[in-house]
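Examining the three-dimensional arrangement
Below, each chain spelled out in residue letters.
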Amino acid sequence: MNLTVFLQNVLNGLSIGSIYAIFALGYTLVFSILGIINFAHGAVFTLGAYFTYMLMGNAFGFNGLLANLALPIRLPFVLALFFGSIAAGLVSVLIERLAFCPLRRKKADSLLTVVSSLGVAVVIVNLIQYLVGAEIYTFPPDTYGTLPPAINFGTEANPIPIRSVQVVIFVVSGVIVSLLTYLINATKYGKAMRAVAEDPTTASLLGIDPDRFIVLTFFVSGFLGGLAGTLVGSSVSIAGPYFGIGFGLKGLAVIVLGGLGSIPGAVVGGLTIGLVEAFVPGDYSAYKDAVAFGILFIMLLVRPQGLLGRSLVQKV
Amino acid sequence: MQEIPLLEIQGLSVHYGGIQALQAIDLTIYPGEVVTLIGSNGAGKSTTLRAISRIVNAHQGQILYNHENITRRRPHEVVKLGIAHSPEGRRVLSRQTVLDNLELGAYTRSSRRSIQSDIEQQFRLFPRLAERKNQLAGTLSGGEQQMLAIARALMSRPKLLLLDEPSLGLAPTIVREIFTIIQNLRETGVTILLVEQNANLALQIADRGYVLETGCITLFNKASELLKDDRVRQAYLG
Ligand SMILES: Nc1ncnc2c1ncn2[C@@H]1O[C@H](COP(=O)(O)OP(=O)(O)OP(=O)(O)O)[C@@H](O)[C@H]1O
Ligand SMILES: [Mg+2]
């Protein structure tokens, strides 16, 4: 393998890995506050991609209730990405209010909540199919505006071209991860959120409304899910209503690898799986997923708490 | 005695599932008082405090605070009204630092400067916390966690402070220290409801006391009278 191919693989691995990380952060946030994996997260990922697609003024296909519909607005990519992710965040809040909150109020077993979130995922997938059909949607070539297809970070003689999409992905994920880390560790509301995650009753004795932070967490989680959905959808395509399901499973591998509930864990796990996948030889690329889950199994055997997780999951 | 109560509990009953923990208790606290609630294990002392801070629901009766009915308020709302609860078993936020715990104690307040000066005030009261301000609260010793729980409750600048067994598990010298701090707090105008196993010490610093037995108030009087009462002496003062 020569250096250029090697570098190319590293770049590809880091860029898909960054998206895994953003997506997995959504799981991680909800897990750390409720101790529950939100299986509807993959469906929110899918919705985010559709929302952005729609907000850019792109039309839907021939199937489904919304056939041929196009919004009268045409937002540039960055704005559409932002508002599409906000919409995904709002859907996530709706999911929390409808599927999580009632069960929490009744102090139901967390397994029931997990099943409930799976149910929501199925409903969303079906709803998408009903509304816009099962076809693949591709973002138009001018999606990123005037950005050239690739930017040269090397010299004329030794070019290191990086696809513009990847540059967008690196910038967006870098900003997201730093911002999130700062907000959660250094601000009053971040500390309050961690207090709710550790002990909601004690948090409420300090004047913190746990419910508000749970809703906020679902919003941020959905925002990140939708963002990841758009990044994958716009750099490859939106592969139909089931788009997010496979990705959702990959995200689970990421958080288990990195450590459940750990923010740096989600980042490290995402980048690791992205990189390993990028080095799967072309002939075997159909088995990429097997590689990710292979790593997962080995991890569970040697270090069940994950790379950066707390020693054992201890949520009551 | 002052005529307008700060807290008035009327006919309060609390159940946990099928277990009745409190049966129609009445309890009144006037502004500036230190009132202690004594009773044996499982009598319902902690439950009384939990009902006031609203982390358990009242099944019957009502809780009036400053004339306002708070029986249906949510826990975070009563903190804003000026009630702070240092719960049984400390319950510090173990994954955050001492400083973060104190800052979160002031969650309902907004003036950064006065929060900062209150943190320094807590550090003067509890110098051990100052030395360990960047340590994770979960790694503090039991006694230090107790101090942190009290200091954290004070950070909301409460009008009414609910203290659940502040002396539990502490060395006698530290218990003295804590009780001195409680006495000094009264001088700053904080009203205190103190739950204690150490009835002798509690009655020495309290104005009045209530005796709770299996969910019922069986006796209440001036603390100095309770100290002399034969029934109290036999049951709680050993
Ligand atoms: N979460 C709960 N679920 C069920 N029963 C409970 C619960 N909490 C308390 N109880 C019961 O309610 C009664 C009163 O408990 P409470 O904690 O108020 O007692 P206490 O007077 O504070 O006792 P101690 O001195 O041991 O702290 C006890 O019989 C206890 O077993
Ligand atoms: Mg108790």
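Residues numbered from 1 in each chain as written. Chains lettered and ligands numbered in written order. Predicted model: local features only at pLDDT ≥ 70, side-chain atom pairs only at ≥ 80, totals over all residues. Heavy atoms only, no water.

Before going further, it helps to spend a moment on helix H1 (residues 45-52) of chain B. Counted residue by residue, H1 of chain B has seven buried out of eight residues, so it is predominantly covered. Two residues or fewer past H1 of chain B, Arg54 of chain B is found with a positive phi of approximately 70°. (Buried < 20%, exposed > 50% of the residue type's maximum accessible area, 1.4 Å probe, protein only. Helix = DSSP H or I, 4+ residues; strand = E, 2+ residues; numbered from the N terminus.)

Further remarks concern the sheet that holds strand E5 (residues 68-69) of chain B. All names here are of chain B. Pairing is antiparallel across the open sheet formed by four strands, whose spatial order is E2-E1-E4-E5. Two strands close off the open sheet at either side, each with one partner strand: strand E2 (19-29) and E5. In this fold H1 packs onto strand E1 (7-16), E2 and strand E4 (60-65), with an angle of close to 115° to the strand it touches most, E1. (Pairing = 2+ DSSP bridges. Contact = heavy atoms within 4.5 Å. Axes fitted to C-alpha atoms, helices over the stretch in contact; angles between N-to-C directions.)

Attention now goes to the side chain of Ser53 of chain B. One can find Ser53 of chain B in the loop between H1 and E4. Excluding its chain neighbours within four sequence positions, the residues that come into contact with Ser53 of chain B are Leu205 of chain A together with Pro75, Val78, His85 and Leu162 of chain B.

The subject of this paragraph is unusual backbone geometry. Residues and elements named next belong to chain A. Positive phi, close to 65°, is recorded for Asn68, a residue that is not glycine. Its place among the elements puts Asn68 in the loop between helix H2 (41-55) and helix H3 (77-105). A residue is classified by how much of its surface remains accessible, and Asn68, at 48% relative accessible area, is partly exposed.

Residue and element names in this part refer to chain B. Surrounding ligand 1, one finds 15 residues, the nearest of these being Gly42, Lys45, Ser46, Thr47 and Glu88. Within the side chain of Asn41, one N or O atom sits 2.9 Å away from an oxygen atom of ligand 1. At a separation of 3.2 Å, an oxygen atom of ligand 1 approaches a polar backbone atom of Ala43. When ligand 1 sits alone it has 630 Å² of accessible area, and the protein chains cover 65% of it. For the shell around ligand 1, the elements supplying multiple residues, two or more each, are E2 and H1. The greatest single-element share of the shell around ligand 1, amounting to four residues, is contributed by H1. Within the shell around ligand 1, the residues separate by chemical class into four nonpolar, seven polar and four charged. (Near = heavy atom within 4 Å. Polar contact = N/O pair within 3.5 Å; in protein donor to acceptor, adjacent residues only side chain to side chain. Areas by Shrake-Rupley, 256 points an atom, 1.4 Å probe, with all protein chains shown as cover. Nonpolar A, V, L, I, M, F, W, Y, C, P; charged D, E, K, R; others polar.)

Residues and elements named next belong to chain B. Around the magnesium ion (ligand 2), the protein supplies Ser46 (OG) and Glu88 (OE) as donor atoms, at distances of 1.9 to 2.4 Å. One end of the pair, Ser46, is in helix H1; the other, Glu88, is in the loop between strand E6 (83-86) and helix H3 (98-105), and 42 residues separate them in sequence. Relative accessible area serves as the criterion here: at 33%, Glu88 is assigned to the partly exposed category. (Donors = N, O, S within 2.8 Å, 3.2 Å for Na, K, Ca; no water.)

Further remarks concern the pattern of salt bridges. Where charged atoms from two side chains of opposite charge come close, those side chains can pair. The tally for this structure, following the rule as stated, stands at 22 salt bridges over all chains. A salt bridge links Lys191 of chain A to Glu103 of chain B, with the nearest nitrogen and oxygen atoms 2.9 Å apart. Linking Lys191 of chain A in helix H6 (residues 188-198) with Glu103 of chain B in helix H3, this pair reaches from one chain into another. Asp209 of chain A is paired through a salt bridge with Arg74 of chain B; the nearest N and O atoms lie 3.1 Å apart. One end of the pair, Asp209 of chain A, is in the loop between helix H7 (200-205) and helix H8 (210-235); the other, Arg74 of chain B, is in the loop between E5 and helix H2 (75-81), on a second chain. Judged by its relative accessible area of 14%, Asp209 of chain A falls in the buried class. Residue classification places Arg74 of chain B among the partly exposed positions, given a relative accessible area of 36%. In the salt-bridge network here, residues are joined through shared partners; they are Glu96, Arg97, Arg104, Arg105 and Asp211 of chain A. (Salt bridge = Lys/Arg side-chain N within 4 Å of Asp/Glu carboxyl O.)

Size of an interface: often given as the accessible area lost when the parts come together. The interface is formed by 19 residues belonging to chain A together with 23 residues belonging to chain B. Taking both partners together, chain A and chain B bury about 2100 Å²; carbon and sulfur atoms supply 53% of that area. Inspection of the chain A/chain B interface yields four salt bridges. Linking chain A with chain B are ten residue pairs in polar contact (both at pLDDT 80 or more), by the criterion used here. (Buried area = accessible area lost by both parts, 1.4 Å probe.)

Before going further, it helps to examine the pairing of strand E8 (residues 191-195) of chain B. Residue and element names in this part refer to chain B. Counting buried residues along E8, five of its five residues qualify, which places the element largely inside the surrounding structure. Covered by surrounding structure in E8 are Thr191, Leu193 and Val195 together with Ile192 and Leu194, the residues of both alternating faces. Relative to E8, strand E3 (residues 34-38) runs parallel, the two being bridged by four bridges. Among the inter-strand pairings, Val34 is bridged to a residue of E8, identified as Ile192. Summarising the sheet, strand E7 (residues 160-164) and E8 pair through five bridges and their orientation is parallel. Residue pairing in the sheet places Leu161 in a bridge with Ile192 of E8. You can see the chain leave E7, run along helix H7 (residues 172-187) and come back into E8, and the turn it takes is right-handed. (Right-handed = clockwise from strand over helix to strand, strands pointing away.)

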